[in-house]
Amino acid sequence: MKFVNKIKKHQSLMMFKKYKYLLQELTRKNVKLKYRDSWLGIFWSFLQPLLNMIVLTVIFGGIFGAQREGIVCYPVYLFTGRLIFEFFTSSTKKALNSFRSNAPIMKKVYVPKYMYPLSSILSNFVTFSISILCYVCVWIFFKTTGLLGGSGLVINWYALFFFIPMAILLIFVAGVGLILSVLQVYFRDIQYIWDVFCTLLFYMIPIIYPLSRITTPWVKWVIRINPLYSMTELFRDCVLYCQPMDWKQIIYALSVSLITLGIGVLIFKKKKDDLIFHM
């Protein structure tokens, strides 16, 4: 049995290597299609998070930004949380519809089916990486002007570890994306339920408010067990506060992400041969 499992793992690895260039092309195609009919093109990956930050700062800045407890610079604080949340929601929504949107191709040409949700996620990861450049520009602006507490921003070598929460987030999103993509084939209502859930999730993560403003113990507990909260805080520890990350949060976030990915892979393997008959 162990020998058979080793053979299967080797075959899966060889299959992934065989189609890795196709994965790159699918990812590139998804990035191009996202901004195909827009004048500014991929520049929206830079501009969109900036505009979202401005709108949310105007709306919530007077409520949550007035009190500086737990917040260095409210617009930058808001930006970091929004980056993580936007990548999670946009990637999972694209992965959710990846099988149905590519159904005509899947019925005609053989391609490993996991390529479709994975390429959707990776294309969003590309735009997420571009948005990091926007964050750098915003950080420099508030640091140099000192507006809204920007003078309190610091930078040191801890910022170099920002890739750790990004990698953990990518693993988590891949797992959630695989689960949702399979469920969407059998239950079309999943996409509407997921939209509502993402709206709820936005307010259940300290994106527009600091956790210190929550006084109800059970609400704090619900927020803390959310793996996205840990990933957001780890990201802020690196790029906003430039301080050592909490190793407990790293272990928790990574464990949940790997478990989620494992569940996603198991569900996909069980249903991959049956998907085409339900589309």
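Residues numbered from 1 in each chain as written. Predicted model: local features only at pLDDT ≥ 70, side-chain atom pairs only at ≥ 80, totals over all residues. Heavy atoms only, no water.

In this section: the overall build of the protein chain. What the protein chain contains, in helices and strands, is twelve helices and zero strands. N-terminal to C-terminal, the α/β element order of the protein chain is α-α-α-α-α-α-α-α-α-α-α-α. In the protein chain, buried positions account for 46% of the 279 residues. The long-range fraction of contacts in the protein chain, counting pairs at least 24 apart against all pairs at least 6 apart in sequence, stands at 76%. (Helix = DSSP H or I, 4+ residues; strand = E, 2+ residues; numbered from the N terminus. Buried < 20%, exposed > 50% of the residue type's maximum accessible area, 1.4 Å probe, protein only. Contact = heavy atoms within 4.5 Å.)

Attention now goes to the packing of aromatic side chains. The description of an aromatic ring pair rests on the distance of the ring centres and on the angle between the ring planes. Tallied over the full model, the rule gives 14 aromatic pairs. Judged by centre distance (6.3 Å) and plane angle (15°), the ring pair of phenylalanine 99 and phenylalanine 268 falls under stacked. Taken together, the positions of phenylalanine 99 in helix H5 (residues 98-101) and phenylalanine 268 in helix H12 (residues 247-271) put the pair 169 residues apart, joining distant regions of the chain. Neither residue differs from the other here; phenylalanine 99 and phenylalanine 268 are each classed as buried. Over the ring of tyrosine 77 we find arginine 236; its NZ or CZ atom is 3.7 Å from the centre of that ring. Here lysine 271 stacks its cationic end above the ring of tyrosine 186, 5.5 Å away from the centre of that ring. (Phe/Tyr/Trp six-rings, centres within 6.5 Å; stacked < 30°, edge-to-face > 60°. Lys NZ or Arg CZ within 6 Å of the ring centre and 35° of its normal.)

Our next topic: the packing of helix H4 (residues 74-96) against helix H11 (residues 227-239). Remark: H4 packs on H11, axes separated minimally by 10 Å, with the N-to-C direction vectors making an angle of 135°. Compared by their axis directions, H4 and H11 come out oblique. At the point where H4 passes H11, the crossing takes the right-handed sense. Here Tyr77, Thr80, Gly81, Leu83, Ile84 and Phe88 of H4 come into contact with H11, specifically with Leu228, Thr232, Phe235, Arg236 and Val239. Grouping the constituent residues of the contact of H4 with H11 by class yields seven nonpolar, three polar and one charged. (Axes fitted to C-alpha atoms, helices over the stretch in contact; angles between N-to-C directions. Parallel < 35°, antiparallel > 145°, perpendicular 65-115°, else oblique. Left-handed = near helix turned anticlockwise from the far one by under 90°. Nonpolar A, V, L, I, M, F, W, Y, C, P; charged D, E, K, R; others polar.)

Viewed as axis vectors pointing N to C, helix H8 (residues 163-186) and H12 meet at an angle of 30°, and their least axial separation amounts to 8 Å. By the angle class used here, H8 and H12 are roughly parallel. Like other packed secondary-structure pairs, H8 and H12 cross with a definite hand, here left-handed. A per-class count over the contact of H8 with H12 returns 19 nonpolar, four polar and one charged.

Counting residues in each nonpolar core, the largest one holds 58 residues, and the members touching the most others are Val76, Phe88, Phe128, Tyr135, Ile208 and Leu228. Looking at this core, the elements with two or more residues in it are helix H3 (44-64), H4, helix H7 (115-145), H8, helix H9 (190-203), helix H10 (217-225) and H11. Broken down by element, the residue count for this core peaks at twelve residues, all from H4. If we skip the residues at most four places from it in the chain, phenylalanine 88 touches Phe172, Val173, Val176, Trp194, Leu201 and Leu228. In terms of nonpolar packing, the next biggest core, distinct from the first, is built from eleven residues, Leu26, Met106, Val185 and Phe268 among them. (Core = buried A, V, L, I, M, F, W, Y, C linked by side-chain atoms within 4.5 Å.)

Turning next to the side chain of threonine 260. Along the chain, the position of threonine 260 falls in helix H12. Here threonine 260 falls in the buried class, since its relative accessible area comes to 13%. A polar contact is formed between the side chain of threonine 260 and the backbone oxygen of valine 256, at a distance of 2.7 Å. Once residues lying within four places of it in the same chain are set aside, the contact partners of threonine 260 are Phe172, Gly175, Val176 and Ile179. (Polar contact = N/O pair within 3.5 Å; in protein donor to acceptor, adjacent residues only side chain to side chain.)

Inspection of the secondary structure assignment puts threonine 80 in helix H4. In this view, threonine 80 contacts Tyr135, Phe235, Arg236, Val239 and Leu240; residues no more than four positions away in its chain are not counted.

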